[in-house]
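Overview (structure and organization)
Now for the letters of each chain:
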Amino acid sequence: MPLLAFETSCDETSAAVVDQGRILANVISSQIPIHAEYGGVVPELAAREHLRNLIPVAQTAMRQAATSPEQIQAVAATQGPGLPSALMVGFKAAQAMAFVLRRPFLGVNHHEAHLYSSWARGTPPTADFSDFEANVSLVVSGGHTMLVHVRDGLSYQLLGATVDDAAGECFDKIGKLMGLLYPAGPEIDRLAEHGNSSAYAFPRPMLHEPHDDFSFSGLKTSVRYFLRDHPEVLGDVQRVHNLCASVQAAIVEVLVTKTIRAATRLGLHCITASGGVTCNRALRRQLAAACERSGLKLRLAEASLCTDNAGMVGLLAERKLLQAGANASAGADIAPEWVLGSIAI
Ligand code: KG4
Ligand code: ZN
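From a predicted model like this one, the values you see are computed outputs, not experimental measurements.

1. Some points on the environment of Leu296
Looking at where Leu296 falls in the secondary structure, it is placed in the loop between helix 9 (281-294) and strand 10 (297-300). Of the residues examined, Leu296 reaches a relative accessible area of 13% and is grouped as buried. Considered as a pair, Leu296 and Ala263 are 33 residues apart in the sequence and their alpha carbons are 8.6 Å apart.

In structure tokens, the structure reads:
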């Protein structure tokens, strides 16, 4: 039963075809070159690009999956959270497609789709979800940083979230201070591989506070002052590498420590991690090492599913349609502020 899914919550236009827990095609048209010159995503430009790209991307996904519109059995799209004008394009197009094809339609939460992507690795979860283990899930992207307690099946409790900048936003804004192009996270990751992470001492915000919230704006400010006082660092390749490694080490230590601590406190034995920042190689290595030390199982989303993509939307939608057999969102609207864990799912 092929399902066609769309993701347009921010600056990637993506369409995917999934079938029985497997992604048959996952086409992503990135708008990064368009937004790079502005140093961040411009919502109206994003919406316009989604409009331009949505149908070609969907056609490519169906061609790659050797599926025709008539064979599609259900349609899904990201409902929120995200940029309203960007969400609107994918969500309304998907609803219209479902209406014309007379197929069920489901809108899904973007964070829940990220979170679920960590289960797409290897064999998909079984139909009755019997292999799904309660876990603490780190969802870490450009827009959000959150720790979620995932109980049986798909029921969530938000444990904590960033009170200011998201971790990806922190990477991107520090990169901008250093003169790197948006999004700077992947570039900092690359440069940090050649640097010494103890070269410069930056704060680890909220590391020792006994709650699961995060804060990253102080770290960004601290790098701003550092660069004001030591502008010469940017003129030296090795010192740029060291700066990237030191910044990355501060972000990664906070994410890893707080994730492990939450799982230990709740007596859970499994951790999952997803979202764009989960591409970061130091984060992946250090989460793996910390889980090993603490005897925890780790399910990291595959790097290809970490940044925004419709494959994760399709997998989650298929799971939900199988469970509920619903046409739950046929008449629904976008939900730009939808907070995961604030509603019973
Ligand atoms: O999940 P995503 O594609 O979009 C949101 O839902 O926000 O995440 C994008 C974010 C950007 O901030 C980008 O800089 C960050 O993920 N990112 C990385 C890496 N790859 C992407 N941050 C650090 N290291 C990376 N390798
Ligand atoms: Zn995302």
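There's more to say after this.
2. Focus: the nonpolar core
Formed by 49 residues in total, the largest nonpolar core has its most connected members in Phe202, Leu243, Ile251 and Leu255. Residue assignment for this core shows that the elements contributing at least two residues are strand 6 (135-140), helix 5 (167-177), helix 6 (185-192), helix 7 (217-229), helix 8 (237-266), strand 9 (270-274) and helix 9. Per element, the largest residue contribution to this core is 14 residues, and it comes from helix 8. Discounting residues that sit within four places of it in the chain, Ile251 has contacts with Ala167, Cys170, Phe171, Phe216 and Leu219. Formed by 30 residues, the second largest nonpolar core is a distinct cluster that contains Val139, Tyr156, Leu315 and Leu340.

3. Side note on the sheet that holds strand 7 (residues 145-150)
Read across the open sheet, the 5 strands follow the order 8-7-6-9-10; overall the sheet is mixed. Strands at the two margins of the open sheet, each flanked by one partner only, are strand 8 (156-161) and strand 10. Within this sheet the neighbouring strands show an average axis-to-axis angle of 20°, counted without direction. In terms of strand pairing, strand 9 meets strand 10 through 4 bridges, oriented parallel. Bridging from a neighbouring strand, Ala273 pairs with Leu300 of strand 10.

4. Quick word on the packing of aromatic side chains
In total, this model carries 4 aromatic pairs according to the counting rule given. Ring geometry for Phe202 against Phe226: centres 5.5 Å apart, planes inclined by 85°, an arrangement best described as edge-to-face. Separated by 24 residues along the polypeptide, Phe202 in the loop between helix 6 and helix 7 and Phe226 in helix 7 bring together distant segments of the chain. According to the relative accessible area criterion, Phe202 is buried, its value standing at 6%.

5. So, the sheet that holds strand 3 (residues 22-30)
The 5 strands lie next to each other as 3-2-1-4-5, forming an open sheet whose pairing is mixed. At either margin of the open sheet sits one strand with a lone partner, and together these are strand 3 and strand 5 (105-109). Put simply, the sheet's adjacent strands are angled 20° from each other on average, direction ignored. When strand 1 (residues 3-7) meets strand 4 (residues 74-80), the two strands line up parallel, connected through 4 bridges. The residue of strand 4 that forms the bridge with Phe6 is Ala77. Helix 2 (residues 43-64) contacts strand 1, strand 2 (12-19) and strand 3 of the sheet and is inclined by roughly 25° relative to strand 2. Sheet strands touched by helix 10 (residues 310-324): strand 1, strand 2, strand 3, strand 4 and strand 5. Its angle to strand 1, the strand with the most contacts, is close to 130°.

Each value, and the rule that gives it
- Residues numbered from 1 in each chain as written.
- Chains lettered and ligands numbered in written order.
- Predicted model: local features only at pLDDT ≥ 70, side-chain atom pairs only at ≥ 80, totals over all residues.
- Heavy atoms only, no water.
- Helix = DSSP H or I, 4+ residues; strand = E, 2+ residues; numbered from the N terminus.
- Buried < 20%, exposed > 50% of the residue type's maximum accessible area, 1.4 Å probe, protein only.
- Core = buried A, V, L, I, M, F, W, Y, C linked by side-chain atoms within 4.5 Å.
- Contact = heavy atoms within 4.5 Å.
- Pairing = 2+ DSSP bridges.
- Axes fitted to C-alpha atoms, helices over the stretch in contact; angles between N-to-C directions.
- Phe/Tyr/Trp six-rings, centres within 6.5 Å; stacked < 30°, edge-to-face > 60°.

None of this, on its own, says anything about what the molecule does.
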